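# Residue-level structural notes
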Amino acid sequence: MIWNETIECASREYLSELQSKRLRDCVNRVYHNVPYYRKRMQEAGLLPGDIRTIDDLKKLPFTYKQDLRDNYPFGVFAAPMSEIVRLHASSGTTGRPTVVGRTRKDLDIWSECVARSLFLSGVSNKDIVQVGYGYGLFTGGLGLHYGVENIGAAVVPASGGNTKKQIQLIHDFGTTVLACTPSYALYIADAIKDAGLDPAKDLKLRVGIFGAEPWSEAMRNEIQTKLNIKAHDIYGLSEVMGPGVACDCEFQNGLHVCEDYFFPEIINPETGEQCKPGEVGELVFTSLGVEGMPLIRYRTHDLSRIIPGDCPCGRSTVRIAKLMGRSDDMLIIRGVNVFPSQVESVLLSMSETEPHYMLIVDRKGTLDTLTIQVEIQEQFFADNIKGLQAVEKKIKSNLESVLGISVIVQLVEPKTLQRFEQGKAQRVIDNRKF
Amino acid sequence: MKIKQLSVFLENKAGRLSEVSDILGGAGINMTAFSVADTSDFGILRAIVSQPEEALQLLKNAGYAVSLTDVICIKCPNTPGSLAKALHVLNAGNVQIEYMYAFSMGEIAQVVIRPADIANCERALETHGIELVSSDKLYTL
């Protein structure tokens, strides 16, 4: 079943025309309402009239996460506060969060896109959908929630965590669809097994909608087997909208993008040039039709490619390949964005340590762990285990309050971690297999 | 009679202790006694060595986090109850001990003690006639 055949099965000509019109509206809106965008366009010698069709998009400058942060909190909003009805903030915790504002129309667009994602995943109004994404500033929970209501299915707003309760709800309510992060899905799968339940016999789960962190095809297979479901990949980022920007269909070969609202480009992250069709590069989104905080050529730093050709599902919307990693050093650990620079700033703020560190990410069982190796500073070494453990504890609690996830801190000998005098520092060892 | 003990930070990683002993051995520095305290991810090597200052410099140059710590060393007969007697003295004198380690040779046992308050500890031991080992003697054992 296709939620919106008019758009999702539209001809290329129709889509291009719609995109071009919406791009013109969007450029006009930001040029006149957002000083930041006006300034950037003026610097590039552009007037709104220079952007006529979607092909003119490449003339416009990129927008970076840092630009949003520099305009914290509401500096890039393109609608007056009287029209903003919802605020969210990204899980990225590099200093200031990234705040997004949505108008009523934006929320309608969002629940439209999530509705398409749900239909892409084979969900209908007969389903009971348990949302195990966190509800709150994070866009995961509320984003899925309104989409489920939009298609007329029953939503179980379980939010994240409390696995025992999740399983009880899945079992007692006969939940048919689970939406959460893929790592949490695996965790739930193992807990179901530990509880002595057999998903095939004891549960009615049949579909999973998983996103907010990168996951491999191998992980998809594992989840599908363990939970006896079909697992779909949903993509989105809070700056652009939240979950529902793209989702894969029954053929699980690439994610169909809601390209009438979010136009995807794949660019070479080094040169900024658009890649040839099928080439891997950085995913860049431009919002079309969004009012509260439209983004022009927003750099996601997520790596993907456009999958050429038609999809047998009948939809004509463009497909992007399952995400292939990041073009920057951001890590996504248990759904939380972690930048090595955050660790560095914490260590720099403490006198007991050197800002020499290494991040090691492992997947133990189903959950990701982050170990941070820190060199102790020679002058702070005393012949005292308690003292060293106190330092270790202090680093741990400072890091955890900034990163928002629990970490393991390991003190290591001075000057044993690799030094990076030239080139880009490699401070991350990611042992997870995506 | 304070003794300079060498304290070295060690990661719990194969080969660290042997590397330290290679460095010291290579420079002709002898270890009279040592102990290793460990936690799940790091340890501290504590050693009495023949030339503490040289050992400190050598290990520093080799990139170790290392320091010298004042300890005292007592000597008692290697017989049942001798250690207990010394410990009673410390107890009575309200001397808190952070850690200690011991080694015995023939009829003599020597106990290295790191008290919380070194002056207090020395006083308590001396007033009760417990023999302290001088650094010259201990370093060259």
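Residues numbered from 1 in each chain as written. Chains lettered and ligands numbered in written order. Predicted model: local features only at pLDDT ≥ 70, side-chain atom pairs only at ≥ 80, totals over all residues. Heavy atoms only, no water.

### Brief notes about the overall build of chain A
Here is the rule: In this description a helix means any DSSP run of H or I spanning at least four residues, a strand means any run of E spanning at least two, and both kinds are numbered starting from the N terminus. Here the globule rule is a power law, 2.2 Å times the number of residues to the power 0.38, and the radius of gyration is based on C-alpha atoms. Exposed residues in this analysis have more than 50% of their type's maximum accessible area, buried residues have under 20%, and partly exposed residues fall in between, with area computed by a 1.4 Å probe over protein chains only. Here, two residues are considered to be in contact whenever any of their heavy atoms come within 4.5 Å of each other. Working definition of accessibility: Shrake-Rupley area with a 1.4 Å probe, residue cover restricted to the visible protein chains. The sign given to each residue is positive for Lys and Arg and negative for Asp and Glu; His and the chain ends receive no count. To locate a charge, take NZ of a lysine, CZ of an arginine, CG of an aspartate or CD of a glutamate.
Secondary structure assignment for chain A yields 12 helices and 20 strands. Relative to the globule expectation of 22 Å for 434 residues, the C-alpha radius of gyration of chain A, 23 Å, shows essentially globular dimensions. With the C-alpha coordinates of chain A rotated into their principal frame, the extents come out at 75 × 65 × 40 Å. Taking all 434 residues of chain A together, 57% fall into the buried category. Long-range contacts, defined here as pairs at least 24 residues apart, represent 64% of the contacts in chain A between residues at least 6 apart. Counting every atom, chain A has about 18100 Å² of accessible surface; 51% of that belongs to carbon and sulfur. Considering chain A, the positive charge centre built from 50 side chains and the negative charge centre built from 54 side chains are found 2 Å apart.

### Quick look at the sheet that holds strand E4 (residues 154-156) of chain A
Residue and element names in this part refer to chain A. Put simply, the test is: Following DSSP output, two strands are said to pair if at least two bridges run between them. Where helices are involved, their axes are fitted lines through C-alpha atoms of the stretch in contact, as for all axes, and angles between N-to-C directions lie from 0 to 180°.
Read from one edge of the open sheet, nine strands run E4-E3-E5-E6-E7-E8-E9-E14-E13, paired in mixed fashion. One side of each edge strand has no neighbouring strand; the edge strands of this open sheet are E4 and strand E13 (306-307). Sheet contacts for helix H6 (residues 139-151): strand E3 (128-131), E4, strand E5 (177-180), strand E7 (230-237) and strand E8 (242-248); angle to E8, the most-contacted strand, approximately 65°.

### Considerations on the pairing of E8 of chain A
All names here are of chain A. By the criterion of burial, E8 is predominantly enclosed, with seven of the seven residues buried. Looking at chain direction, E7 and E8 are connected through four bridges and run antiparallel. Opposite Tyr-235, over in E8, you have Ala-246 as the bridge partner. Hairpin connection of E7 to E8: four residues between the antiparallel strands. By the bridge criterion, three bridges tie E8 to strand E9 (residues 255-257) in an arrangement that is antiparallel. Considered in E9, the bridge of Ala-246 is made with Val-257. Taken together, E8 and the strand that follows it, E9, pair antiparallel across an intervening segment of six residues, in which Gln-252 is found at a positive phi of about 50°.

### Here we look at the packing of aromatic side chains
Rules: Pairing of aromatic rings covers Phe, Tyr and the six-membered ring of Trp, with a centre-to-centre limit of 6.5 Å; geometry is then stacked below 30 degrees between planes, edge-to-face above 60, and tilted otherwise. Should the NZ of a Lys or the CZ of an Arg lie within 6 Å of a ring centre and within 35 degrees of the ring normal, that charge is described as sitting over the ring.
Within the structure shown, the criterion is met by 11 aromatic pairs over all chains. One aromatic cluster is present, formed by Phe-381 of chain A together with Phe-9 and Phe-42 of chain B through successive ring pairs. Above the ring of Phe-62 of chain A, the side-chain terminus of Arg-299 of chain A is found at 4.7 Å from the ring centroid.

### Some points on the confidence of the model for chain B
The criterion, for reference: Predictor confidence is given residue by residue as pLDDT, running from a minimum of 0 to a maximum of 100.
Of the residues in chain B, 100% reach a pLDDT of 70 or more, and the chain-wide mean stands at 90. Predicted confidence in chain B is weakest over helix H5 (residues 135-139) of chain B, with a mean pLDDT of 82, and strongest over helix H2 (residues 52-61) of chain B, with 94.

### Quick word on the sheet that holds strand E17 (residues 353-364) of chain A
Residue and element names in this part refer to chain A. The four strands lie next to each other as E19-E18-E17-E20, forming an open sheet whose pairing is mixed. Bordering the open sheet on either side are strand E19 (408-412) and strand E20 (428-430), each of which pairs with just one other strand. Averaged over all adjacent pairs, the angle separating strand axes in this sheet is 20°, with direction ignored. In the sheet, E17 pairs with E20 via three bridges, with the strands oriented parallel. Counted as the bridge partner of Ile-360 is Ile-429 from E20. Most of the contacts of helix H12 (residues 385-403) go to E19, to which it runs at about 135°, and overall it touches E17, strand E18 (367-376) and E19.

### Brief notes about the packing of helix H8 (residues 182-194) of chain A against helix H10 (residues 217-227) of chain A
Residue and element names in this part refer to chain A. Counted only if it meets this: Should the near helix be turned anticlockwise from the far one by less than a right angle, the crossing is left-handed, and should it be turned clockwise, the crossing is right-handed.
Interaxial distance between H8 and H10 falls to 10 Å at its minimum, and their mutual angle equals 30°. Taken as a pair, H8 and H10 cross one another with a handedness that is left-handed. Residue-level contacts link Pro-182, Ser-183, Ala-185, Leu-186, Ala-189, Asp-190 and Ile-192 of H8 to Met-219, Glu-222, Ile-223, Lys-226 and Leu-227 of H10.

### Some details on the domain arrangement of chain A
Residues and elements named next belong to chain A. Operational definition: What counts as a domain boundary in this text is fixed by an automatic or database domain assignment. Using a 1.4 Å probe, buried area is obtained as the accessible area two parts lose upon being combined, added over both of them. Identification of polar contacts relies on pairs of N or O atoms within 3.5 Å, with a donor-acceptor requirement for protein atoms, meaning one able to donate a hydrogen and the other able to accept it, and with residues adjacent in sequence counted only if both atoms are side-chain atoms. When residue character is reported, Ala, Val, Leu, Ile, Met, Phe, Trp, Tyr, Cys and Pro are called nonpolar, Asp, Glu, Lys and Arg charged, and the others, Gly included, polar.
You can read the domains of chain A as domain 1 (7-15 + 59-328) and domain 2 (333-430). Inter-centroid distance (C-alpha atoms) of domain 1 to domain 2 is 31 Å. Taken residue by residue, the interface counts 12 residues in domain 1 and 12 residues in domain 2. Buried surface at the junction of domain 1 and domain 2, summed over both partners, amounts to about 1100 Å²; 54% is from carbon and sulfur atoms. For the pair domain 1 and domain 2, the number of links is zero residue pairs in polar contact (both at pLDDT 80 or more). Tallied by class, the residues present in the side of domain 1 that touches domain 2 amount to four nonpolar, five polar and three charged.

### Structural notes on the nonpolar core
Grouped burial of nonpolar side chains is what soluble globular proteins tend to show. All names here are of chain A. Basically, it comes down to this: We call a set of buried Ala, Val, Leu, Ile, Met, Phe, Trp, Tyr and Cys residues a nonpolar core when their side-chain atoms join them within 4.5 Å.
Judged by nonpolar contacts, the single largest core of 75 residues is most densely connected at Tyr-235, Phe-262 and Phe-285. With nine residues, the single largest contributor to this core is helix H5 (residues 104-120). Discounting chain neighbours no more than four positions away, the residues touching Phe-262 are Ile-109, Cys-113, Val-240, Met-241, Val-245, Val-257, Phe-285, Thr-286, Ser-287 and Val-290. Among the nonpolar cores identified, the runner-up in size contains 31 residues, and Val-338, Leu-370, Val-374 and Leu-388 belong to it.

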